[in-house]
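# Structure assessment
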Amino acid sequence: MFAIDHIPVDPPLVLAPMAGVTDRDFRLIVRRMGGVGVVTMEFISSKGLMRGDPQILQRLTFSEEERPLSIQIYGSDGPTMAEAAREVERRGADICDINMGCPSNKVLKGCAGAALMGDLKVAEEIIAAVRQAISIPLTVKFRLGLDDRRQNYLELGRICEANGVAAVALHPRTARQKFTGSAAWRHIAALKDALSIPVMGNGDVGTPEDAARMIRETGCDAVMIGRGATRNPWIFCQIAAHLSNGDMPQPTWEDRRDLILDHFHTIIAREEPKFARFKLQTFTGLYSKGLPDSLKLRRQIHSLQEPEQFIEAIERFFDKLIPRQAA
Ligand SMILES: Cc1cc2nc3c(=O)[nH]c(=O)nc-3n(C[C@H](O)[C@H](O)[C@H](O)COP(=O)(O)O)c2cc1C
C-alpha cells in the first residue's frame, strides 16, 4: 500500500490543491464519495498565516472526517515558511506540502510558487527550514521549470530527496505554459527513475482509463487529480473501482443535480452573501464544464446575483437533460 512516510494513502489517489475550490465543503464532498487517499487544502500564504489574516485562518478549518489531509503553504523565505509549517502541524494536518509550482503572476511576483524553480538555492533553504521545523511528513509539488529552456524538475526532485522530503508531486507543464498544451507525462517517468522517494503524477487525468494509463506509463506511486474532480466528483471512486478491476455505474443527471444543489444549499446557509455569490459562480462554472449545452449556463453566471437564481438556473439546466436520459 502506498504511504507518505507513515500516512497511508489508500487508494493511491490524491485530490490536488486548488485555490478557491478545495475548500472544506468540496473536500468533504469528495471524501464522502470515497476512493480518495488524501485530500489537499487550497494553498495558504505563509505570510498571511503568520499575520493572522482572518480569511486565511477561516480557510484553515477542517473536520476529522477529511483525514488524511494535506495542507499546502507557499512563500518566499525559509524562516516564514518554517513558522507557517509549524502552525500547520499545530493545527493537526497529517501532511505539510510546499507549493513550488504556482504560475499565477501574483504568486510569482512575491517570488513564491514556481518562481522558486528559478532559484533552487532559495528553494533548498525553504525545504530544509520547513523540514527541520516539523515532524509530520513534508511533500513538495512543482512543475517542469520556468519555461522550456529551464526545465530543472529533476534537480529540484533531487534537492527534495536530499532534504528529507517524503514524496513529491509533478505537474509536467512549465510555469510559462500555465494550463496550455498537455501535461507531458514522460517527465513523471523520468522523475520516478531519478528518485527513490515516491512520486505523485499529476495533470490531465479526466477518466479512470487516464489514471490507469498514467500509472502504467510513468510508474508513479500515486495519481493526483485537480480539474477532473470538479468536472466529475465521482472520479476517485470510479478510478478506485477501475484499478481493482471493477466498474462503477455512471452517475445519472439526477445524481449530478442533487450533488450540486446540496453543495449550493450548504454554501448559502453558511457563507455571507458576497462570498456565497462568489462561490456559487465559481462552482456553477466548474461543475457545468463539459456537460452538454452548458455554455449558455456559464454565460449567465455573472448576471446571477441572488442565491435562489443559482438554484433555479441549475434546476432548469438539469430539467432539460433529465428527459434525454430517460429517452
Ligand atoms: C482553479 C485551480 C486552482 C489551483 N490552485 C492550486 C494551488 O493552490 N496549489 C497548487 O499547487 N496547484 C494549484 N492548482 C494546480 C492543480 O493542483 C494541478 O496541478 C493542475 O490543475 C493540473 O492537474 P489537473 O489536470 O488534474 O487539473 C490549481 C488549479 C486550478 C485549476
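Residues numbered from 1 in each chain as written. Predicted model: local features only at pLDDT ≥ 70, side-chain atom pairs only at ≥ 80, totals over all residues. Heavy atoms only, no water.

### So, the packing of aromatic side chains
Each pair of aromatic rings is reported with the distance of its centres and the angle of its planes. The criterion, for reference: Centres within 6.5 Å are what make two rings of Phe, Tyr or Trp a pair, Trp counting through its six-membered ring; a difference in plane orientation under 30 degrees is then read as stacked, over 60 as edge-to-face, and the rest as tilted. Type-normalised accessible area, obtained with a 1.4 Å probe on protein chains alone, sets the label of each residue: buried when under 20%, exposed when over 50%, and partly exposed for intermediate values. Placement of a positive charge over a ring is assigned whenever Lys NZ or Arg CZ falls within 6 Å of the ring centre and within 35 degrees of the normal to the ring plane.
Counted under the stated rule, the structure contains seven aromatic pairs. Aromatic pair Phe317 and Phe318: ring centres 5.2 Å apart, planes at 85°, arrangement edge-to-face. We classify Phe318 as buried; its relative accessible area is 1%. Put simply, the rings of Phe26, Phe264, Phe283 and Tyr287 pair up and form one aromatic cluster. The positively charged end of Arg143 is found above the aromatic ring belonging to Phe179, 5.3 Å away from the centroid.

### Focus: the site of the ligand
Rule in force here: Definition of nearness: a residue and a molecule or strand are near each other if at least one heavy atom of the residue lies within 4 Å of the molecule or strand. Polar contacts here mean pairs of N or O atoms no more than 3.5 Å apart (in protein, one a potential hydrogen donor and the other a potential acceptor; neighbouring residues in sequence count only if both atoms are side-chain atoms). The Shrake-Rupley method, run with a 1.4 Å probe sphere, supplies the accessible areas, and residue values consider only the shown protein chains as cover. Residue classes follow a fixed rule: Ala, Val, Leu, Ile, Met, Phe, Trp, Tyr, Cys and Pro count as nonpolar, while Asp, Glu, Lys and Arg count as charged, and any other residue, Gly among them, counts as polar.
Surrounding the ligand, one finds 16 residues, the nearest of these being Pro17, Gln72, Asn202, Asp204 and Arg227. In this structure, Asn99 approaches the ligand through a side-chain N or O atom, which is 3.2 Å from a nitrogen atom. Contact distances for the ligand include 2.8 Å between an oxygen atom and a backbone N or O atom of Gly226. Its free accessible area being 610 Å², the ligand has 86% of it covered by the protein chains. Of the residues assigned to the shell around the ligand, the class counts are seven nonpolar, six polar and three charged.

### Points about the domain arrangement of the chain
The following threshold applies: What fixes the domain bounds is an automatic or database domain assignment. Contacts: residue pairs with any heavy atoms within 4.5 Å of one another. Accessible area that two parts lose when put together, with a 1.4 Å probe and added across both, is what the buried area reports.
Under the domain assignment used here, the chain contains domain 1 (3-243) and domain 2 (253-321). On a C-alpha basis, the centres of domain 1 and domain 2 stand 28 Å from each other. Taken together, the contacts link 13 residues of domain 1 with 13 residues of domain 2. A combined buried area of about 1200 Å² lies between domain 1 and domain 2, and 58% of that area is made up of carbon and sulfur atoms.

### Focus on the nonpolar core
Note the cut-off: Here, nonpolar core means buried Ala, Val, Leu, Ile, Met, Phe, Trp, Tyr and Cys residues that are tied together by side-chain atoms lying within 4.5 Å of each other. Secondary structure elements follow DSSP: runs of H or I of four or more residues count as helices, runs of E of two or more count as strands, with numbering from the N terminus.
Among the nonpolar cores identified, the biggest contains 89 residues, and Met100, Ile127, Phe142 and Phe264 are the most heavily contacted of them. In terms of residue count, the dominant contributor to this core is helix 15 (residues 307-326) (eight residues). When residues of this core are assigned to domains, at least three map to each of domain 1 (3-243) and domain 2 (253-321). Not counting chain neighbours up to four residues away, the residues in contact with Met100 comprise Gly113, Ala114, Leu116, Met117, Ala123, Ile126, Ile127, Val140, Lys141, Phe142, Arg143 and Leu156. Core analysis: the second largest hydrophobic core is formed by 14 residues, Phe2, Ile4, Val9 and Ile95 among them.

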